[in-house]
Amino acid sequence: LQYSPSGHLVASASADRTVRLWLPSAKGESVCIKGHTGGVRSVSFSKDCKRVITASDDKTCKVWSLPSKKFVCSLNGHSNWVRSAKFSPDSRLAVSGGDDKSVRIWDVDRHTQIGSYTDHEAGVNAVAFHPDGTCVAAGSADRTVKLWDLRSNALLQHYPAHGDCVTSVSFHSSGNYALSSGMEGSLKIWDLREGQLLYTLHGHQGAATTSCFAPEGGYFGSGGEDKMVMVWKSSLERIVGGSAVGSGINQGERNVNPSKKQVRMGQPLSYYSPRRKAGPSSANDASVNSTHTSARTALANTTRAGGGTGTPAKGQGSPFRGLLPNQQPATGKEFVLEELTYGDVGDAEDSMGGHSVSLSGSKTPIPKEQ
């Protein structure tokens, strides 16, 4: 599921082999895109909102044009299910990862593969492009997060990230931090310039299945098998001593006293539950599925604290410190989510209509960006 950069469209992918484009309104109108022969695992917009890229169990990625309402190309090369695909910031390239343990780089305009990385030891569940377009990150079932430099084709950083499969990876808008989630239930924020773990956050009861920074970087969201969607305040601007995010790390501000309220981190800002208004969900609750029969979400609370120390090796061709496979990142700060106040989600559910409207993908025009 992804909002377009403008926020006027929502794209969702499903095990029913379709992609839907939604107008985020009370009517819940959508247009169906069909073309894959297997379940669709991922959908993502280009930054200019002109294209979407999808990843599927049919071992392909497909690119679709929104202005022309046409299929553009199929990117073939993976030998197993493709779990994730994303465009580069300039929309000329794409990155994909799948169960064949590979991360592949594509020239979208030429419809060709231009690079491949096979450093993971298990399937790749998530991929992301760095905001400056020079490197990519991937999270894997081998429990690690890795970064590669596209210019040198070198493994830039390696993080033994989670206690179970990594389910998502996302870059902060500054490019200095990455966010990951894992099946063991934690979220982790990584300081890429220092090559170390900054925060570990515990909030979900069960696996954390997805996470992502907001475009401006001030917030991030997460979802889990506890049927909760949480919205967190990142407060990463505190780390740079009050200066603009992305202007560089002020080392004198790294180990901030976590008892200070203005820099405390560890609770989501708000969260939504589709089933109950009080008390966390049971770990035995069924996981959220990927069908398109209904769209329900629910809201959640946070703030921040300082990081750890580490002496990783310097990476090549990048401002980041390289962290090689035989090195361990610093442990960072750890937070456990405790007291939460559930919001009233009744109005939110009513506004979404509680159902989806299925329209003909071949005859109904794709909703236009406002």
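Rules used throughout
- Residues numbered from 1 in each chain as written.
- Predicted model: local features only at pLDDT ≥ 70, side-chain atom pairs only at ≥ 80, totals over all residues.
- Heavy atoms only, no water.
- Helix = DSSP H or I, 4+ residues; strand = E, 2+ residues; numbered from the N terminus.
- Buried < 20%, exposed > 50% of the residue type's maximum accessible area, 1.4 Å probe, protein only.
- Areas by Shrake-Rupley, 256 points an atom, 1.4 Å probe, with all protein chains shown as cover.
- Core = buried A, V, L, I, M, F, W, Y, C linked by side-chain atoms within 4.5 Å.
- Contact = heavy atoms within 4.5 Å.
- Salt bridge = Lys/Arg side-chain N within 4 Å of Asp/Glu carboxyl O.
- Pairing = 2+ DSSP bridges.
- Axes fitted to C-alpha atoms, helices over the stretch in contact; angles between N-to-C directions.

Digging into the overall build of the protein chain
Across its full length, the protein chain holds 1 helix and 26 strands. Expressed as a percentage of the 370 residues in the protein chain, the buried residues total 51%. Working note: accessible area of the protein chain is about 16,200 Å², and carbon and sulfur atoms make up 48% of it.

Points about the nonpolar core
Counting residues in hydrophobic clusters, the biggest one holds 15 residues, and the most contacted among them are Val145, Leu147, Tyr159, Val169, Phe171, Trp190 and Leu192. Mapped onto this core, the elements with two or more residues apiece are strand S13 (124–129), strand S15 (144–149), strand S16 (154–160) and strand S17 (166–171). In this view, Phe171 contacts Ala128, Phe129, His130, Pro131, Ala137, Leu147, Tyr177, Ala178, Leu192 and Phe213; residues no more than four positions away in its chain are not counted.

A few points about the pattern of salt bridges
Applying the stated criterion across every chain yields a total of 7 salt bridges. A salt bridge links Asp100 to Arg104; the nearest nitrogen and oxygen atoms lie 3.4 Å apart. Assigned by exposure class, Asp100 and Arg104 land together as buried. A salt bridge links Arg151 to Asp149; the shortest N-O distance between them is 3.1 Å. Residue Asp149 is classed as buried on the basis of its relative accessible area of 1%.

Considerations on the sheet that holds strand S7 (residues 60–65)
The strand order S5-S6-S7-S8 describes an open sheet built from 4 strands, whose pairing is antiparallel. Bordering the open sheet on either side are strand S5 (40–45) and strand S8 (70–76), each of which pairs with just one other strand. Adjacent strand axes in the sheet meet at a mean angle of 20° when their direction is disregarded. As paired strands, strand S6 (residues 51–56) and S7 are joined by 5 bridges and run antiparallel to one another. In the sheet register, Ile53 faces S7, and the bridge partner there is Val63.

Observations regarding the pairing of S17
Burial within S17 is extensive, with 6 of its 6 residues counted as buried. Summarising the sheet, S17 and strand S18 (residues 177–182) pair through 5 bridges and their orientation is antiparallel. Looking at S18, one finds that Phe171 is bridged to Ala178. Remark: 5 residues form the turn of the hairpin made by S17 and S18, two consecutive strands paired antiparallel; Gly175 in that turn has positive phi of roughly 85°.

Here's the deal with the environment of Cys135
Turning to its location among the elements, Cys135 is positioned in strand S14 (residues 135–140). Between the alpha carbons of Cys135 and Arg151 there is a distance of 7.9 Å; along the sequence they are 16 residues apart.

A short note on the pairing of S8
Bridge count between S7 and S8: 6 bridges; the pairing is antiparallel. By the bridge assignment, Trp64 is partnered in S8 with Phe71. Hairpin connection of S7 to S8: 4 residues between the antiparallel strands, including Lys69 at a positive phi of 60°.

Describing the sheet that holds strand S12 (residues 112–117)
Here we have 4 strands laid out as an open sheet, ordered S9-S10-S11-S12, and antiparallel in their pairing. The open sheet is flanked by strand S9 (82–87) and S12, the only strands paired with a single partner. Across the sheet, the mean angle separating the axes of adjacent strands is 20° when strand polarity is ignored. Taken together, the 5 bridges between strand S11 (residues 103–107) and S12 define a ladder with antiparallel strand orientation. Paired with Val103 across the two strands is Tyr117, which belongs to S12.

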